[in-house]
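So you can see what is in the structure, the chains are spelled out below.
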Amino acid sequence: MKIIAIGRNYVDHIKELNNDVPDSPVIFNKPETAILKDNADFYLPGFSHDIHHELEIIVKISKIGKNIEEKFAHKYYDEIGLGIDFTARDLQSELKSKGLPWELAKGFDGSAPISKFIPKAGLDLQNLDFNLLLNDKTQQSGNTSLMIYSIDSIIAYVSKYFTLKVGDIIFTGTPKGVSKVNAGDRLEGFIGEHKLLDFYVK
Ligand code: MG
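A brief structural summary. (Residues numbered from 1 in each chain as written. Predicted model: local features only at pLDDT ≥ 70, side-chain atom pairs only at ≥ 80, totals over all residues. Heavy atoms only, no water.)

1. Some remarks on empty space enclosed by the protein
The gaps left among the atoms become clear once a water-sized probe is rolled over them.
Part 1 of the argument: Going through the model one piece at a time under the given rule, you end up with two cavities of 30 Å³ or more.
Part 2 of the argument: If you add up the space inside the largest cavity, you get close to 100 Å³.
Part 3 of the argument: In terms of lining, the largest cavity is formed by 18 residues, of which the most central are Gly7, Arg8, His13, Glu54 and Lys106.
Part 4 of the argument: Listed by contribution, the elements that provide at least two residues to the lining of the largest cavity are strand E1 (3-7) and helix H2 (89-97).
Part 5 of the argument: The element contributing the most residues to the lining of the largest cavity is H2, with three residues.
Part 6 of the argument: Split into classes, the residues belonging to the lining of the largest cavity amount to four nonpolar, seven polar and seven charged.
Part 7 of the argument: Taken as a whole, the second largest cavity spans an internal volume of roughly 30 Å³.
Part 8 of the argument: In terms of lining residues, the second largest cavity is bounded by Leu36, Lys37, Asp38, Asn39, Ala40, Pro113, Ile114, Leu197 and Phe199.
Part 9 of the argument: Grouping the constituent residues of the lining of the second largest cavity by class yields six nonpolar, one polar and two charged. (1 Å grid on protein atoms, 1.4 Å probe; cavity = no way out; pocket = protein on both sides within 12 Å on 5 of 7 lines; lining within 4 Å. Points joined across faces, edges and corners; volume = space filled by probe spheres on them. Helix = DSSP H or I, 4+ residues; strand = E, 2+ residues; numbered from the N terminus. Nonpolar A, V, L, I, M, F, W, Y, C, P; charged D, E, K, R; others polar.)

2. So, H2
Part 1 of the argument: For H2, the set of buried residues is Arg89, Leu91, Gln92 and Leu95. Buried residues of H2, seen end-on, are gathered within an arc of 155 degrees and therefore sit on one face of the element.
Part 2 of the argument: Looking at the packing, one finds that the buried side of H2 touches helix H1 (11-16), strand E4 (51-53), strand E7 (87-88) and helix H3 (103-106).
Part 3 of the argument: Within two residues after H2, Gly99 carries a phi angle of roughly 70 degrees, on the positive side. (Buried < 20%, exposed > 50% of the residue type's maximum accessible area, 1.4 Å probe, protein only. Arc of directions from axis to C-beta. Contact = heavy atoms within 4.5 Å.)

3. A short note on the coordination of the magnesium ion
Part 1 of the argument: Note on the magnesium ion: its protein donors are Glu54 (OE), Glu56 (OE) and Asp85 (OD). The metal-donor distances range over 2.0 to 2.1 Å.
Part 2 of the argument: Expressed as a motif, the donor residue spacing for the magnesium ion is E-x1-E-x28-D. Of this pair, Glu56 sits in strand E5 (residues 55-61) while Asp85 sits in the loop between strand E6 (77-84) and E7; the two residues are 29 residues apart in sequence, bridging distant segments of the chain.
Part 3 of the argument: On the accessibility criterion, Glu56 (1% relative accessible area) is buried. (Donors = N, O, S within 2.8 Å, 3.2 Å for Na, K, Ca; no water.)

4. A look at the layout of surface pockets
Part 1 of the argument: Put simply, the largest pocket is a space of about 230 Å³.
Part 2 of the argument: Together, 13 residues line the largest pocket, and Lys37, Ile114, Ser115, Lys116 and Phe117 are the ones closest to its centre.
Part 3 of the argument: Of the residues belonging to the lining of the largest pocket, the class tally is six nonpolar, three polar and four charged.

5. Some thoughts on the sheet that holds strand E9 (residues 118-119)
Part 1 of the argument: Strand order in the open sheet formed by six strands is E2-E1-E12-E5-E6-E9, and the pairing between neighbours is mixed. Since the sheet does not close on itself, it has two edges, and those belong to strand E2 (26-30) and E9, each with one partner.
Part 2 of the argument: Sheet topology note: the E1/strand E12 (residues 169-171) ladder contains three bridges and is parallel. Residue pairing for E12: Ile4 is matched across the bridge by Ile170. (Pairing = 2+ DSSP bridges.)

6. Quick notes on the packing of aromatic side chains
Part 1 of the argument: Counted according to the given criterion, the structure contains seven aromatic pairs.
Part 2 of the argument: Taking the centre distance of 5.6 Å and the plane angle of 50 degrees together, the rings of Phe28 and Trp102 count as tilted. Note that Phe28 is positioned in strand E2 and Trp102 in the loop between H2 and H3, a separation of 74 residues in sequence. For the pair Phe28 and Trp102, one class covers both residues: buried.
Part 3 of the argument: The aromatic ring of Tyr76 is capped on one face by Lys63, whose charged end is 4.6 Å from the ring centroid.
Part 4 of the argument: Lying across the ring of Tyr77, Lys120 places its NZ or CZ 4.1 Å from the centre. (Phe/Tyr/Trp six-rings, centres within 6.5 Å; stacked < 30°, edge-to-face > 60°. Lys NZ or Arg CZ within 6 Å of the ring centre and 35° of its normal.)

Here it is, written out as structure tokens:
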């Protein structure tokens, strides 16, 4: 399986990092070894002093597809969940300043904790609240209505380049409120009232 992620998909987050609103989706990949499941502890890597959480709605692909039209994209996923796109912000800034790809800053081991998945049936995917509590305090609050590129348009876009296969996961971008995590922090993620993530930073 592969993990495809979109960057800069919420205007308020683009502003907090002083980036420009993109003309087309900003896409990167994380390797399979980035995944953490079952609320496993996240261990801070030694190469960074500034690891940020980015809470994101994630989508699990349920059918193989290539060149998927946006109007049919909804047929290619049945479940969604929450993920954290952990980012070594110090390393990412260095790579960005040199015009280099972000993979080392975003694809390292454990950089993609994912929750269990819940059926999308019955959810309004265009108007979904999601939240991150950091040590019992709300740190990120998003709503999917604020996405620049919808889930279906992301699927249409990325499937022009990458064949999507069953089990692939798409990270759909983070709203504002990203911040540094420290050893001992507890992260809890919610879609609406459903608590889907609850793990510690070590
Ligand atoms: Mg992200």
